[in-house]
Amino acid sequence: MSLVLDSAAQDLLFREARTANSFSDEPVTEEQVQAIYDLVKYGPTAFNSTPLRITLVRSPEARERLVNLMMEGNRAKTAAAPLVAILSADNEFHEELPTLLPHFPQAKDAFFGERPVREQAALMNAALQAAYFIVGIRAAGLAAGPMGGLDFAGVQKEFLDDDHTPLMVVNIGKPGEDAWFARGPRLSFDEVITTV
């Protein structure tokens, strides 16, 4: 059975897409970021909670502060990317639930009154949204370089607050020369799928 999405779109979003390790000098505009967000905001989350928060690191001063918090192997590419985003989970996302879940506004207190419950829900749903964001970057014809090699506590202290948990840093832009490593292997259908 074939997919509804045409083959070129499948290649763009998945088969040919890779984590970019270098980028061209072409800037990433606010309009591009707006278009990406306006597409991916529709991805499903539990309770329509949408806890992902995106911090765009555009100024040279902020970029330098972030680069210093990256692992050594990630510093040069983070310094050179046209745009860098810090993706985080808002642990106080429940405050928006009366607006985002108007048919069940009491979910804010009924399910998310306790901080540990909120943190777990924020982490899971923001991670889903982070994946949508990466696919949205690809849909915009750009490349993404998501990375977890960073000082998470340092990023939280330098750029966020105690209510936001950093998830990853994503370098964004048009791919540069030698941007791709060879495609890594993937598990087969039979290795992953179980039917009961």
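Scroll up a little and you will see the structure.
Residues numbered from 1 in each chain as written. Predicted model: local features only at pLDDT ≥ 70, side-chain atom pairs only at ≥ 80, totals over all residues. Heavy atoms only, no water.

Draft legend 1. Here's a closer look at the overall build of the chain. Per the secondary structure count, the chain includes nine helices and four strands. In the chain, the succession of helices and strands from N to C terminus is α-α-β-α-α-β-α-α-α-β-α-β-α. Computed over its C-alpha atoms, the radius of gyration of the chain comes to 18 Å, within 12% of the 16 Å expected for a compact globule of 196 residues. Expressed as lengths along the three principal axes of its C-alpha atoms, the size of the chain is roughly 50 × 50 × 35 Å. Put simply, the chain has 196 residues, and 40% of those count as buried. Nonlocal contacts in the chain, meaning residues at least 24 apart in sequence, comprise 81% of its contacts between residues at least 6 apart. Accessible surface computed for the chain: about 11400 Å², of which carbon and sulfur atoms make up 58%. Here the chain contributes 17 positively and 27 negatively charged side chains, and the mean placements of these two sets differ by 2 Å. (Helix = DSSP H or I, 4+ residues; strand = E, 2+ residues; numbered from the N terminus. Rg over C-alpha atoms; globule rule 2.2 N^0.38 Å. Buried < 20%, exposed > 50% of the residue type's maximum accessible area, 1.4 Å probe, protein only. Contact = heavy atoms within 4.5 Å. Areas by Shrake-Rupley, 256 points an atom, 1.4 Å probe, with all protein chains shown as cover. Lys, Arg positive; Asp, Glu negative; His and termini not counted. Charge placed at Lys NZ, Arg CZ, Asp CG, Glu CD.)

Draft legend 2. Representation of the sheet that holds strand E1 (residues 52–57) within the structure. What the four strands build is an open sheet, ordered E1-E2-E4-E3; its pairing is antiparallel. Strands at the two margins of the open sheet, each flanked by one partner only, are E1 and strand E3 (143–147). Ignoring strand direction, the axes of neighbouring strands in this sheet form an average angle of 30 degrees. Bridge analysis of E1 against strand E2 (residues 83–90) gives six bridges, and the strand direction is antiparallel. Its bridge partner lying in E2, Thr55 is registered against Ile86. Lying on the sheet, helix H3 (residues 60–67) is in contact with E1, E2 and strand E4 (164–173); it crosses E2 at an angle near 65 degrees. Contacts from helix H4 (residues 72–80) reach E2, E3 and E4 within the one sheet, and its direction differs from that of E3 by about 145 degrees. (Pairing = 2+ DSSP bridges. Axes fitted to C-alpha atoms, helices over the stretch in contact; angles between N-to-C directions.)

Draft legend 3. Quick look at the packing of aromatic side chains. The final tally for this structure, using the stated rule, is five aromatic pairs. When the centroid spacing of 5.1 Å and the interplanar angle of 70 degrees are considered together, the rings of Phe93 and Phe112 count as edge-to-face. In this pair, Phe93 is assigned in the loop between E2 and helix H5 (97–100) and Phe112 in the loop between helix H6 (107–110) and helix H7 (115–139), connecting sequence segments 19 residues apart. The exposure class assigned to Phe93 is buried, which follows from its relative accessible area of 1%. Since its relative accessible area comes to 5%, Phe112 is described here as buried. Arranged with centres 5.9 Å apart and planes meeting at 80 degrees, the rings of Phe104 and Phe111 form a pair that is edge-to-face. In this structure Phe104 comes out as partly exposed when scored by relative accessible area, which is 25%. (Phe/Tyr/Trp six-rings, centres within 6.5 Å; stacked < 30°, edge-to-face > 60°.)

Draft legend 4. Geometry of the nonpolar core. Among the nonpolar cores identified, the biggest contains 25 residues, and Leu87, Phe133, Ile137, Val170 and Ile172 are the most heavily contacted of them. Going through the elements one at a time, helix H2 (30–40), E2, H7 and E4 are the ones with two or more residues in this core. Residue contributions to this core peak at seven residues, all from H7. With residues near it in sequence (within four places) discarded, Val170 still touches Leu83, Val84, Ala85, Leu87, Ile137, Ala144, Gly145 and Pro146. Ala62, Leu69, Val84 and Leu150 belong to the second largest nonpolar core, which has 17 residues in total. (Core = buried A, V, L, I, M, F, W, Y, C linked by side-chain atoms within 4.5 Å.)

Draft legend 5. Region of the structure containing a nonpolar patch on the surface. A surface patch of nonpolar side chains, amounting to about 430 Å² of accessible area, comprises Leu187, Phe189, Val192 and Ile193. With respect to the helices and strands, the residue Ile193 is situated in the segment after helix H9 (189–192). (Patch = residues over 30% accessible without salt bridge, like charges linked within 9 Å, V, L, I, M, F, W, Y side chains within 5 Å. Salt bridge = Lys/Arg side-chain N within 4 Å of Asp/Glu carboxyl O.)

Draft legend 6. Representation of the environment of Pro185. Considering the arrangement of structural elements, one finds Pro185 in the loop between E4 and H9. Judged by its relative accessible area of 79%, Pro185 falls in the exposed class. Considered as a pair, Pro185 and His94 are 91 residues apart in the sequence and their alpha carbons are 39 Å apart.

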